[in-house]
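# Survey of secondary and tertiary structure
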Amino acid sequence: MAEDRFARTAQRAAARQDSRAAELAEQVHSFVQPAGDERAIDVGCGAGALALALAPLVREVVGVDRVPELLELARERAPANAQFIEADATSLPFDAASFDLVGTLRTLHHVRRPELVIAELARVARAGGRVLVIDQLAPIDPLDAFPIDRFERARDAAHARLLPDIDLRQLFEANSLALLRSRQEEESRELGAYLDLAGCDGDARAQALSLAPHGPDSYVATLGCYLLESR
C-alpha cells in the first residue's frame, strides 16, 4: 500500500522538507500572494511542507493526509495556527466553501483518480477563493510519457500516473476553476538521492536505475504550478 511506503520513509521525507523549507516558503509567497487573513488547507500534506510554508502567511491552515506517521511529523513542526488531521483527499471532511485558499503539493500523481481530488479542492474552496496545484507533469505525447511513468513506478509503487498540462487544465475547467497564473520549471534531481527518498533499494533499485529516462546519474522533471480562482 502507498501508506506503508510513506510511513517507512516519513523521516527521510521530513528531513528533505526541512532542508528546502525556506525556498518553498519564498516560492509560495511570491506565487500565491496571500492577503494574510485566509483560512487555508493543504490536501495530501504529507509531513506538512505546503501547510508550514503557508502558516506564516495566512490566518490558519489545516493539513490533511492519510498517513499518521507523516501527520505526526507535521504536528512536531506546526505553529499555533496550523493543525493536521487524518483524512482522504478524495473525500474531505469539510463543508463546501469552507476555505479561502486550497492547495495540494506533489499529490496528484499518487492518486488513482486525480479528478476526484480536483473536485474536492474545488468543492471546499469558497467562491472567489484561490486554489493552488503543484505537481510533476507528463509530456503531452503518451509515447514520451510512458517511460517516465514506468521509471516512477519502479522507483515508487505509490506512483499512479503523471498528468500532462492539457489534462490538468481540462480538469480545472470542468470544476469551474479559472486559471489566474501558471508556470513550468525544470527540476534536476540527483538520481541516488531521489531513489533513497522513496526507500527504493535492492532489486527494485537496480530495476529503477535501468529504466531511468535520462541516464544513471540525474533526472530532470517538469514541475507545473497553477493558481486558480473558484467560480
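The following paragraphs examine the structure supplied in this document. (Residues numbered from 1 in each chain as written. Predicted model: local features only at pLDDT ≥ 70, side-chain atom pairs only at ≥ 80, totals over all residues. Heavy atoms only, no water.)

It is worth spelling out the overall build of the protein at this point. When helices and strands are counted, the protein shows 10 helices and eight strands. Here the protein has a C-alpha radius of gyration of 17 Å; the compact-globule value for 231 residues is 17 Å, and the two agree. For the protein, the spread of C-alpha atoms along the three principal axes comes to 50 × 40 × 30 Å. Sorting the 231 residues of the protein into buried and exposed places 51% on the buried side. Pairs at least 24 apart in sequence give 74% of the contacts found in the protein among residues at least 6 apart. (Helix = DSSP H or I, 4+ residues; strand = E, 2+ residues; numbered from the N terminus. Rg over C-alpha atoms; globule rule 2.2 N^0.38 Å. Buried < 20%, exposed > 50% of the residue type's maximum accessible area, 1.4 Å probe, protein only. Contact = heavy atoms within 4.5 Å.)

Before going further, it helps to examine the pattern of salt bridges. This model, assessed by the stated rule, comprises 19 salt bridges. A salt bridge links R20 to E187; the nearest nitrogen and oxygen atoms lie 3.6 Å apart. Placement of the pair is R20 in the loop between helix 2 (10-19) and helix 3 (21-32) and E187 in strand 7 (residues 177-190), with a sequence separation of 167 residues. In this structure E187 comes out as buried when scored by relative accessible area, which is 11%. The shortest N-O distance in the salt bridge between E60 and R59 comes to 2.9 Å. It is possible to trace a salt-bridge network through shared partners that takes in R20, R106, E152, R155, E187 and R189. (Salt bridge = Lys/Arg side-chain N within 4 Å of Asp/Glu carboxyl O.)

This brings us to helix 2. Three or four residues apart is the spacing at which side chains of an α-helix point the same way, because the helix has 3.6 residues per turn. For helix 2, the full list of buried residues reads A10, A14 and Q17. One side of helix 2 carries all its buried residues, which in axial view fall inside an arc of 60°. When the buried face of helix 2 is taken as reference, the exposed residues oriented beyond 90 degrees from it are Q11 and S19. (Arc of directions from axis to C-beta.)

Glancing now at empty space enclosed by the protein. Within this structure, the stated rule accounts for one cavity of 30 Å³ or more. Here the largest cavity is characterised by a volume of approximately 40 Å³. Lining the largest cavity we find L108, H109, D135, Q136, R161, L162, L163 and L168. (1 Å grid on protein atoms, 1.4 Å probe; cavity = no way out; pocket = protein on both sides within 12 Å on 5 of 7 lines; lining within 4 Å. Points joined across faces, edges and corners; volume = space filled by probe spheres on them.)

Over its 12 residues, helix 3 runs 16 Å from end to end, which matches the ideal 16 Å to within 8%, given 1.5 Å per residue. L24, V28, F31 and V32 are the residues of helix 3 that are buried. Angular distribution of buried residues about the axis of helix 3 spans 80°; they occupy a single face of the element. Elements in contact with the buried residues of helix 3: helix 4 (49-54), strand 4 (99-105), strand 5 (125-138), strand 7 and strand 8 (218-230). Once helix 3 finishes, Q33 follows within two positions and takes phi at roughly 50°, a positive value. (Expected span 1.5 Å × (residues − 1).)

What follows is about the pairing of strand 5. Residues in a regular strand point their side chains to alternate faces of the sheet. Most of strand 5 sits inside the fold, with 10 of its 14 residues counted as buried. Here strand 4 pairs with strand 5 via six bridges, running parallel. Its bridge partner being in strand 5, F99 is matched across the sheet by A125. Examined bridge by bridge, strand 5 and strand 8 share eight bridges and lie antiparallel to one another. The residue bridging L132 from the neighbouring strand is L227, located in strand 8. Looking at chain direction, strand 5 and strand 6 (residues 163-164) are connected through two bridges and run parallel. What sits directly across from L137, in strand 6, is L163. (Pairing = 2+ DSSP bridges.)

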